[in-house]
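Understanding the architecture of this molecule
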Amino acid sequence: MSSVPTVGGPAAVDEPRPSAKRRRRGVPGGGGPSGDGPSGRVRPGGGASKGAGWPFVVPFLVFFVLFLIVPLAFGLWMSLTDSTLTGHGDGTFAGLDNYTEAFGDSEVWQSLGNTAWFTVLSSVPLVLFALVMALLVHTGLPGQWIWRLSFFAPYLLPVAVVTQVWGMLYQPELGLFNTMLKAVGIDGIGWLVEEKYAMWSVALLTLWWTVGFNFLLYLAALQSVPDHLYEAAALDGAGAWRRLWSITLPQMRRTTGLIAVLQVLASLKVFDQIYLLTKGGPAGSTRPILEYIYDTGFTNYRLGYASAVSYVFFAVVLILSLAQLKLFSRRED
């Protein structure tokens with residue numbers, strides 16, 4: 001009696017099922033010959049060999065050691081010697097004499113005080129003004145591209161151009177600022193030649209010049225705030241000021257901490273604009289610590305002592321940076 005063919009055709013009648021052994025040897029659905037598991041994932045220990053990324057890291061490590069670690073170590077050794085730029089007494093070990101002299105040097109403390117005062121004068125406005133500018137642009141002012149360009153463009157200018165332009169604005173007789181003051185019946189001000197105005201003048205220049213960078217960071221952070229937070233607040237009847245205080249500013253906390261740390265570090269390292277505008281004057285009232293280090297090493301030729309002062313300043317910057325990070329991490333917690 002002949003068998004009746006099935007619907008699937010002759011091949012479907014007596015087709016043998018693949019055995020478990022065949023599936024394990026590489027049939028789809030089983031593990032392949034490479035030892036992969038059922039899902040095709042590479043087992044731990046397989047794949048690329050350990051340490052394959054070192055060839056990509058070595059060039060960076062070479063430059064890091066040559067241009068950072070070696071100069072730091074050499075500068076630390078130099079701070080323990082009485083090295084001079086002229087070569088007299090070069091390499092003679094002096095121990096901690098340079099550091100002892102630095103802590104007792106009144107000019108070091110005056111320069112550190114000037115640096116701290118400039119940091120306060122510049123850092124606070126650079127954070128606040130950048131936030132206000134970013135909020136104004138983010139609210140949807142007409143012609144946003146021109147606002148962004150005008151706010152950020154000064155940051156792209158080199159320091160020599162900035163100081164040249166502002167030096168003419170501060171000029172006592174023909175400068176724009178004094179001309180405007182005289183037009184309203186106010187006597188002109190010696191912006192860069194009077195001690196009580198000089199540091200304020202440098203801080204104002206720095207605000208105009210560098211606020212664009214912080215503005216850009218704030219604007220990027222504002223654009224990343226989820227829209228549904230504002231929508232939910234609007235449905236609850238929250239006004240613009242309530243949304244600002246309850247949503248925008250809390251969302252900006254991390255960005256504000258980052259900008260504050262970066263700004264304090266940048267202000268502590270001030271040198272260029274002060275050196276080009278006032279040379280540290282009048283009467284040393286604007287000389288920062290970096291200019292004092294420069295004058296000591298390259299004008300008075302005392303490289304060993306200048307290195308010691310620079311490491312004292314490095315310790316101060318490190319302590320302030322760690323304190324800031326700890327402070328903002330506590331606020332975040």
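These notes cover the structure that comes with them. Just so it is clear, the model here is predicted, and its values are computed rather than measured.

**A look at the overall build of the chain**
Scanning the chain for helices and strands turns up 14 helices and 0 strands. Reading the helices (α) and strands (β) of the chain from amino to carboxyl end gives α-α-α-α-α-α-α-α-α-α-α-α-α-α. By the burial criterion, 35% of the 333 residues in the chain qualify as buried. Within the chain, contacts between residues separated by at least 24 positions form 63% of all contacts whose residues are at least 6 apart in sequence.

**Here we look at the packing of aromatic side chains**
Overall, the coordinates contain 19 aromatic pairs when judged by the stated rule. Between the aromatic rings of Tyr 275 and Tyr 294, the centroid separation amounts to 5.7 Å while the plane-to-plane angle is 75 degrees, which identifies the pairing as edge-to-face. A residue pair is termed long-range when its members are at least 10 positions apart, and Tyr 275 in helix 12 (residues 272-277) and Tyr 294 in helix 13 (residues 289-299) qualify at 19 residues. Taking relative accessible area as the criterion, Tyr 275 reaches 25% and is therefore assigned partly exposed. Cluster of aromatic residues (ring-pair linked, three or more members): Trp 166, Tyr 170, Phe 177, Trp 191 and Trp 208. One residue, Lys 279, lies across the ring of Tyr 275, its end atom 5.2 Å from the ring centre.

**Some details on the nonpolar core**
Residues Ala 134, Val 211, Phe 215, Tyr 218 and Met 252 are the most contacted members of the largest nonpolar core, which totals 24 residues. Going through the elements one at a time, helix 4 (106-138), helix 8 (195-223), helix 9 (227-235) and helix 10 (240-251) are the ones with two or more residues in this core. No other element matches helix 4, which puts 8 residues into this core. Setting aside residues up to four positions removed in sequence, Tyr 218 forms contacts with Val 127, Ala 130, Leu 131, Ala 134, Met 252, Thr 255, Thr 256 and Ile 259. Val 162, Phe 177, Leu 181 and Trp 209 belong to the second largest nonpolar core, which has 19 residues in total.

**Observations concerning the pattern of salt bridges**
Tallied over the entire structure, the rule returns 4 salt bridges. One salt bridge in this structure joins Glu 101 and Arg 302, with 3.0 Å as the shortest N-O distance. Note that Glu 101 is positioned in helix 3 (residues 97-103) and Arg 302 in the loop between helix 13 and helix 14 (303-332), a separation of 201 residues in sequence. Here the salt bridges do not stand alone but share partners, grouping Glu 107, Arg 287 and Asp 295 into one network.

**Quick notes on the environment of Trp 166**
When you line up the elements, Trp 166 lands in helix 6 (residues 159-169). In this structure Trp 166 comes out as buried when scored by relative accessible area, which is 7%. Expressed as a C-alpha distance, the spacing of Trp 166 and Leu 277, which sit 111 residues apart in the sequence, is 8.7 Å. Apart from residues no more than four positions distant in its own chain, Trp 166 is found in contact with Phe 177, Leu 204, Leu 205 and Trp 208.

**Re the side chain of Ser 267**
Of note, Ser 267 is situated in helix 11 (residues 253-268). Its relative accessible area of 2% is what places Ser 267 among the buried residues. Of note is the side chain of Ser 267, whose polar atom sits 3.3 Å from the side chain of Ser 123. Once you skip the residues sitting within four places of it in the chain, Ser 267 turns out to touch Thr 115, Phe 118, Thr 119, Ser 122 and Ser 123.

**Describing helix 13**
Looking only at helix 13, the buried set comprises Ile 289, Glu 291, Tyr 292, Ile 293, Asp 295, Thr 296 and Gly 297. Where helix 13 terminates, the next one or two residues include Tyr 301, which has phi positive at roughly 65 degrees.

Cut-offs and rules
- In this numbering scheme, every chain counts its residues from 1 along its sequence in written order.
- Restriction of local features to residues with pLDDT of at least 70 applies here, the model being predicted, together with a cutoff of 80 or more for giving and counting side-chain atom pairs; totals for whole chains, interfaces and linings are based on all residues.
- Side-chain numbers come from the whole structure's heavy atoms, not from hydrogens or water.
- Put simply, DSSP H or I for four residues or longer makes a helix, DSSP E for two residues or longer makes a strand, and each gets a number counted from the N terminus.
- For the exposure calls, accessible area comes from a 1.4 Å probe over protein chains only, and a residue counts as buried if that area is under 20% of its type's maximum, exposed if over 50%, partly exposed in between.
- Contacts were defined at the residue level, with two residues in contact if any of their heavy atoms lie within 4.5 Å.
- Aromatic rings from Phe, Tyr and Trp, taking only the six-membered ring of Trp, are treated as a pair when their centres fall within 6.5 Å; an angle between ring planes under 30 degrees marks them as stacked, one over 60 as edge-to-face, and anything in between as tilted.
- Two conditions define a charge located above a ring, namely a distance within 6 Å from the ring centre to NZ of Lys or CZ of Arg, and an angle within 35 degrees of the ring normal.
- Buried Ala, Val, Leu, Ile, Met, Phe, Trp, Tyr and Cys residues form a nonpolar core when they are joined through side-chain atoms within 4.5 Å.
- Take a side-chain nitrogen of Lys or Arg and a carboxyl oxygen of Asp or Glu: if they are within 4 Å of each other, that pair is a salt bridge.
- Here a polar contact means two N or O atoms within 3.5 Å. Within protein one must be a hydrogen donor candidate and the other an acceptor candidate, and residues neighboring in sequence count only if both atoms are side-chain atoms.

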